[in-house]
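# Breakdown of the fold
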Amino acid sequence: MKLKKHIVMIYRFKATMRGNRQFLREYEIQSSATLYDFHNFLIADLAFAPDQLVLFRGVDKNGKVCSEYGLFDMGDGTLDNIILADCIAKGEIRFQYIYDIFNNRYMMLEYVGEAEEFPRETYPRLVTERGTRPDQFSSEHDTDEEFHASVKHPAIEEPDEDFEDIPEEPSDDEDED
């Protein structure tokens, strides 16, 4: 009996947050990695507390949630038993990485294709980053609108001129005396 050799590829994922165009990350990770491996890398990159419940929702190309994977089995498997290549093979090309279950705050992770493997790199790895990291427990600046509303604009200063010391010009009526 011949064993089928599993080829390891490098997957690239783009991370975005709903309503926040300031935030963008791109990650590369081996196709043989588990969702738990991805989760551990994400909490390290985003400086999230490691003791919080998280959830990956597998989403297909039509936006339909197909599966839910947690630290505990929710019916579709646990993070440590789900391999990325298997998710991609069954059409789950996006994940909602829910890092705040109680407030349904999540990051969207979208599979954007395969990347070239660099022999001297370690995976997973951060490839691109833009914007600030979200605060895991605060909804402050979750959206662009909230961010811009919170930015303090310098007040327009009114001239501090006092016009009382400027002599008034005599009117034409006063000259006729």
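Before reading on, note that the structure itself is shown above.
Read on for a plain summary of the structure. (Residues numbered from 1 in each chain as written. Predicted model: local features only at pLDDT ≥ 70, side-chain atom pairs only at ≥ 80, totals over all residues. Heavy atoms only, no water.)

## A closer look at the overall build of the protein chain
- Helix and strand counts for the protein chain come out as 4 helices and 7 strands.
- Its helices and strands in sequence order give the protein chain the pattern β-β-α-β-β-α-β-β-β-α-α, from N to C terminus.
- Counting every position in the protein chain, which comprises 177 residues, the buried fraction comes to 36%.
- Pairs at least 24 residues apart make up 61% of the contacts formed inside the protein chain by residues separated by at least 6 positions.
- For the protein chain, the exposed surface amounts to about 12,200 Å²; the carbon and sulfur share of it is 49%. (Helix = DSSP H or I, 4+ residues; strand = E, 2+ residues; numbered from the N terminus. Buried < 20%, exposed > 50% of the residue type's maximum accessible area, 1.4 Å probe, protein only. Contact = heavy atoms within 4.5 Å. Areas by Shrake-Rupley, 256 points an atom, 1.4 Å probe, with all protein chains shown as cover.)

## Let's talk about the nonpolar core
- Core analysis: the biggest nonpolar cluster contains 30 residues, and F13, F56 and L109 have the highest contact counts within it.
- For this core, the secondary structure elements donating two or more residues are β1 (10-17), β2 (20-30), α1 (35-46), α2 (84-89), β5 (94-100) and β6 (105-115).
- Considering each element in turn, this core owes the most residues, 6 residues, to α1.
- Residues in contact with F13, not counting those within four places in the same chain, are R25, E26, Y27, I29, F38, L84, I88, F95, L109, E110, Y111 and V112. (Core = buried A, V, L, I, M, F, W, Y, C linked by side-chain atoms within 4.5 Å.)

## Section: the pattern of salt bridges
- If you walk through the whole model with that rule in mind, you get 10 salt bridges.
- Among the ionic pairs, E28 bridges to R12, the shortest N-O distance being 2.6 Å. Of this pair, E28 sits in strand β2 while R12 sits in strand β1, and the two are 16 residues apart along the sequence.
- Classification of E28 by relative accessible area gives buried; the value is 2%.
- In this structure, K90 and E92 form a salt bridge, with 3.9 Å as the shortest nitrogen-oxygen distance. (Salt bridge = Lys/Arg side-chain N within 4 Å of Asp/Glu carboxyl O.)

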